[in-house]
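# Tertiary structure, described
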Amino acid sequence: MAEKIATLTDDRIAYLEGLVRQGKTAAALFTQFTQEDVDRIVKAMVLAGIGQAQNLARLAIEETRLGVLEDKTIKNMVATEFVYDYVRDKPSVGTIREFPERGLVEVAEPIGLIFSLLPITNPTSTALFKCIMAIKTRNAVLFSPHPKAWRCCQEAIRIMYEAAVKHGAPEGVFTCVESPTLPDNAYLMHHPEIKLIDATGGPGAVRAAYSSGKPALGVGPGNTPVYLEKTAQLDMAIVDIITSKTFDNGTICASEQTVVIDDEIYDVVLDKFADLGAHVCDARETELLGRMVIDPETGFMRPMAIGQKAADIARACGLRVPPETKLLITPIQGVGREHPLSAEKLFPVLSVYRAKSVDEALRVCVDLNHAGGRGHTAVVFSRNDEIIRKFSEAIDAGRIIVNSPGSIGALGGVYNDMVPTFSFGCGTGGGNSTTDNVNLYHYLNIKRVARRTQAHMWFRVPNQIYFNMNAVENLRHFPSRSAIIITNPVLEQMGHVDTVRRSLPPQTPVRVLAIPDAEPEVKVVMQGVEALRLNKVDQIIALGGGSVIDAAKIMKLQYESPEADLEELAAPFLDIRKRVVRYPAGKTDPVRLIAISTTSGTGSEVTPFAVLIDKERGRKVTLADYSLSPDVAIVDPQFVMSMPKGLTADTGIDCLTHALEAGVSIHASPYTDSNAMQAVRLVFRYLPIAYEHPGDEEARSMMHNAACIAALAFSNASVGVNHALAHAFGARFGVAHGRANALMLPHVIAYNASVPTKFMPSPNQRAYVAHKKYAAVADLLGLGGDTVAEKVQKLVAATEQLLDRLEVPRSIRDLGISEEEFARAMPDLSKIAFDDPSWRSNPRMPLVSELIELFWSAYRGRSPAKPAAVVEPVVALEGSLV
Amino acid sequence: MTRITIDRNAWLSEALAKVEASGEVALDFSAVRRIDASVIAGLEKLADTAESKSVQVGLHGVNVDVYKVLKLLKLAQRFSFAGDKIASGT
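This text gives an overview of the structure that appears in the document. (Residues numbered from 1 in each chain as written. Chains lettered and ligands numbered in written order. Predicted model: local features only at pLDDT ≥ 70, side-chain atom pairs only at ≥ 80, totals over all residues.)

## Quick look at the overall build of chain B
A tally of helices and strands in chain B yields 3 helices and 3 strands. Every one of the 90 residues in chain B was classed for burial, and the buried ones make up 23%. Taking the contacts inside chain B whose residues are at least 6 apart along the sequence as the reference set, 66% of them involve residues at least 24 apart. (Helix = DSSP H or I, 4+ residues; strand = E, 2+ residues; numbered from the N terminus. Buried ≥ 20, exposed ≤ 12 C-beta atoms within 10 Å, placed from the backbone. Contact = placed C-beta atoms within 7 Å.)

## Topic: the nonpolar core
Residues and elements named next belong to chain A. Membership of the largest hydrophobic core comes to 167 residues, with the highest contact counts inside it found for Met 45, Ile 132, Met 160 and Val 260. If one sorts the elements of this core by residue count, helix α6 (residues 150-166) sits on top with 10 residues. In terms of domain composition, this core takes at least three residues from each of domain 1 (10-218) and domain 2 (224-414). Counting residues in each nonpolar core, the second largest holds 129 residues, with Val 472, Ile 594, Val 635 and Val 769 among its members. (Core = buried A, V, L, I, M, F, W, Y, C linked by C-beta atoms within 7 Å. Domains from an automatic or database assignment.)

## A short note on the sheet that holds strand β11 (residues 327-331) of chain A
For sheets, the rule is that strands pair by backbone hydrogen bonds, running either parallel or antiparallel. Residue and element names in this part refer to chain A. Read across the open sheet, the 7 strands follow the order β10-β11-β12-β9-β8-β13-β14; overall the sheet is parallel. In this open sheet, the two strands that pair with only one neighbour each are β10 (278-280) and β14 (397-402). With strand direction ignored, the average angle separating the axes of adjacent strands in the sheet is 25°. Taken together, the 5 bridges between strand β8 (residues 224-228) and strand β9 (residues 256-262) define a ladder with parallel strand orientation. Counted as the bridge partner of Val 226 is Val 259 from β9. Packed on one face of the sheet, helix α13 (residues 358-370) meets β8, β9, β12 (349-355), β13 (375-381) and β14 and runs near 170° to β9. (Pairing = 2+ DSSP bridges. Axes fitted to C-alpha atoms, helices over the stretch in contact; angles between N-to-C directions.)

## Section: the sheet that holds strand β7 (residues 216-218) of chain A
Residues and elements named next belong to chain A. Here 5 strands make up an open sheet; going across it, the order is β5-β4-β3-β6-β7 and the pairing parallel. Both edges of this open sheet fall to β5 (174-176) and β7, since each of them pairs with a single strand only. For this sheet the average axis-to-axis angle between neighbouring strands, irrespective of direction, equals 15°. Here strand β6 (residues 196-199) runs beside β7; their pairing, made up of 3 bridges, is parallel. The residue of β7 that forms the bridge with Ala 199 is Gly 218. Against the sheet, helix α8 (residues 203-211) touches β3 (113-118), β6 and β7, its axis set at about 160° to β7.

## Let's talk about helix α26 (residues 770-781) of chain A
Residues and elements named next belong to chain A. Compared with the 16 Å implied by 1.5 Å per residue over 12 residues, the 17 Å span of α26 between its first and last C-alpha is a close match. A large share of α26 lies buried, amounting to 9 of its 12 residues. Every buried residue of α26 is accounted for by Ala 770, His 771, Lys 772, Lys 773, Tyr 774, Ala 775, Ala 776, Val 777 and Ala 778. For α26, the elements touching its buried residues are α21 (645-664), α22 (670-692), α25 (737-753) and α27 (788-805). Note on α26: the residue one or two positions beyond its end, Gly 782, has a positive phi of about 65°. (Expected span 1.5 Å × (residues − 1).)

## Focus on the interface of chain B and chain A
Each partner contributes to the interface: chain B provides 9 residues, whereas chain A provides 7 residues. Breaking the side of chain B that touches chain A down by element, the ones donating at least two residues are α2 (37-53) and α3 (64-72) of chain B. The element that contributes the greatest number of residues to the side of chain B that touches chain A is α3(B), accounting for 4 residues. Per-class residue counts for the side of chain B that touches chain A are 5 nonpolar, no polar and 4 charged. (Nonpolar A, V, L, I, M, F, W, Y, C, P; charged D, E, K, R; others polar.)

## Regarding the packing of α26(A) against α27(A)
All names here are of chain A. Running from amino to carboxyl end, α26 crosses α27 at an angle of 65°, the nearest separation of the two axes being 8 Å. Here the hand of the crossing between α26 and α27 comes out left-handed. Contacts between α26 and α27 involve His 771, Lys 772, Tyr 774, Ala 775, Val 777, Ala 778, Asp 779 and Leu 781 from the first element and Val 788, Lys 791, Val 792, Lys 794, Leu 795 and Ala 798 from the second. Residue composition of the contact of α26 with α27, grouped by class: 9 nonpolar, 1 polar and 4 charged. (Left-handed = near helix turned anticlockwise from the far one by under 90°.)

## Some thoughts on helix α29 (residues 848-860) of chain A
Three or four residues apart is the spacing at which side chains of an α-helix point the same way, because the helix has 3.6 residues per turn. Residue and element names in this part refer to chain A. Across its 13 residues, α29 extends 18 Å between first and last C-alpha, which sits within 8% of the 18 Å expected from 1.5 Å per residue. Along α29, the residues that are buried comprise Leu 851, Leu 854, Phe 855, Ser 857, Ala 858 and Tyr 859. Tucked into the core, α29 has its buried residues touching α24 (721-733), α25 and α28 (819-835). Downstream of α29 by one or two residues, Gly 861 has phi in the positive range, about 115°.

## As for unusual backbone geometry
The phi dihedral of A:Asn470 is positive, around 70°, even though this residue is not glycine. Tracing the chain through its elements places A:Asn470 in the loop between β16 (464-467) and β17 (483-487). Note on A:Asn470: 12 C-beta atoms within 10 Å, which makes it exposed. Although it is not a glycine, B:Ser54 sits at a positive phi angle of roughly 55°. Relative to the elements of secondary structure, B:Ser54 occurs in the loop between α2 and β3 (57-60). Exposure remark for B:Ser54: the 7 C-beta atoms within 10 Å place this residue in the exposed category.

## Here's the deal with the pairing of β14(A)
Residues and elements named next belong to chain A. In this structure, β13 lies alongside β14, joined through 5 bridges in parallel fashion. Residue pairing in the sheet places Val 379 in a bridge with Ile 401 of β14. On the question of chirality, the crossover connecting β13 to the parallel β14 by way of helix α14 (residues 385-394) is right-handed. (Right-handed = clockwise from strand over helix to strand, strands pointing away.)

Interpretation note: all reported values are geometric properties and have no functional meaning in isolation.
See the structure below:
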């Protein structure tokens, strides 16, 4: 039972409780009804309502003494016929909308018992409208009409109810409070069985509804401004305004209140109003009307005028006008309490204002809008789209009616394609929860059934990759008006630049820019860009390791798009498809970037990544976008034959890490898996040979291919936590990237193969499969083992053996870093590793404590714990290798 | 336990009589697609009586639409929904 209201007797409470019980039972029973059931009932109700439209209008006028019979009849027709036209084909039971391409379905759930207030101004039409909405949506309604419109409302509800029940609706689906009082309303608004309050009424009723703590639909008051701009079709505008403002004697709250008229047309407009039956008041009449129809205490209209004829109002105020006068026009000079007729007037008194300019007109419309009408309705007459746009942006109104009557326009479905309604949402400006024309969807809880969708995946690589010994000769296929070779001084001394130059088409103008052999700095890149500009370059040949190729990628970006802000482009992101920052769009005359790698590790010749050092700010900037990928990659082993042993080992393990991390990444796909697996196979087979026999051409060639193939995989599947750890550790202790990766790798394999503390959200993964993918790698390498766990252990052991063979230190401790120093660094290391975007594609989400544990495992050295429990996947990844 | 099917007019009087005699009752709803206000009123009365006699009334074969109505009216909690199969006989 609701909170007991002091002024209600026990009998009255029992009476109200009985109404609630009936409605609650009906609402519950109604949930069993089908779409066919409700559509059948709605049609019967609509026909019954149409048949009684005039009788109900007559009853309303007799009881309320407001409005015009003919207009109220039309309103009753609109509330039935037009509303039916809108709802007839709309699903409202079960599935109401489907979006198969988005995997979304909307399912309707009735609200239950609605408590609904009905107004004095539009009593029967609003009752008819709400009854139809309720049945269409399988809700029950307990009505409380305005006390001075109770009988006509009750009759409208009775007609609807009898038609509904006759055609199968549950008994008690509509009930109506007899002789309702404010305490009745307060009691019901707080009743726990009332699920929604739909308050169409005065500001007090709406405020009470929203104050109840219940979900509520409340409509606010209006004060519709109209801008009559000089380009408007005046004859049409004036007829529309008179039609609207006199409709039902102005009782619709969306009707025009003040017309702001451009100076140039002001006099003509007033003459036309007068010609069509309006009386233009002089200053004395205006002042008199203002005192009589607006309460100076409150600033609101007096009830005596609401819904009355113009001539009757004039007579009551002591003005002498012809009895057939349609409208009283009252010129005003401003807005606010000192200009009483600038307030809302639900009767045929229309204020006018002469505006000297568009700006003044818009300002006055805003003032009117904010003088009691925010969120409601506004009207503009103009043939200038720019004026209409400005007006729409300036005015806070849920309905901005263009070149048509405000009141009938706002009702929807007659002059425009808005939803037909008798309840205008006024948004937060009017203290409401919606700006919509209230309709059947506001009477439903709409449930979204969201099916799992798979994110679109991709496999993006450079257009052309040339590989094997002397692949550089393919440069002859790329003519250029002006080429530049970006390289480093060592490679230039080694004669590699000459080899490249010789391979270019004859007479290609080519220049050489040798940059330091280190991760590129901003300064170096900008010097390179200047060289590109000076030489009007159309082809860049990057000859070098990752640093040189990365520098060339950024030079190309800045050369083609000088406006590109590297700082902004480096902003972190979670999903490349949804990143905040967009890279410059493709150029009409792009520069060709050809990348020739001289190390077998980073794979930068095919990746969409580039790293830049910002020395001034002491930070490293990572850029990632497929527009950075080189256009052509040349993987020619002649450039790596003389790589030193240490570099061979470090870059080779970097390549292995790329392949293994791409293999277990949450972005892995059958396309990346094939590359990842092949790269792993090549590394295990050829890296030891290349390390121990540097002159072995086949081993060098295969390792060079392996680096590129692994890069194809991680360019599309990304890397994982191993790289996050290595980036943090390498930067802090000055350890080469490949070596840092190597120190982490066995520990990370064991870590990823065990049951995650936290799974990584990923719609493309249907089960946790990292351990199975490692096992598949073990199978590929022929390592043996019967179970997944055994195979993972074999892979860890094989990786350790490979590292031993490459003479990679067994632990961070072996690098000469003391335990104390490492412990001191740990807070920074763990923080930086956790901030590193690399792990965002790792199969398990690392906790900071786990990152710390991994760092310490790597510090202590290679004796990783055997993988703990192994997850048995429910469903293997479709199309993956397991 | 007495089995009573809800497709006969006399289901309520039969069920009430049995409950009055402190006998357990199982109401078979398997043929019921939709219920109306009279069934609700009957179930309320039956629940009142059963509670006063400390007798359990089981509803069987209740489809989800009907169950939802009972749930909304807080009637579901007054009955048991042990299973959809009812042992035959009394």
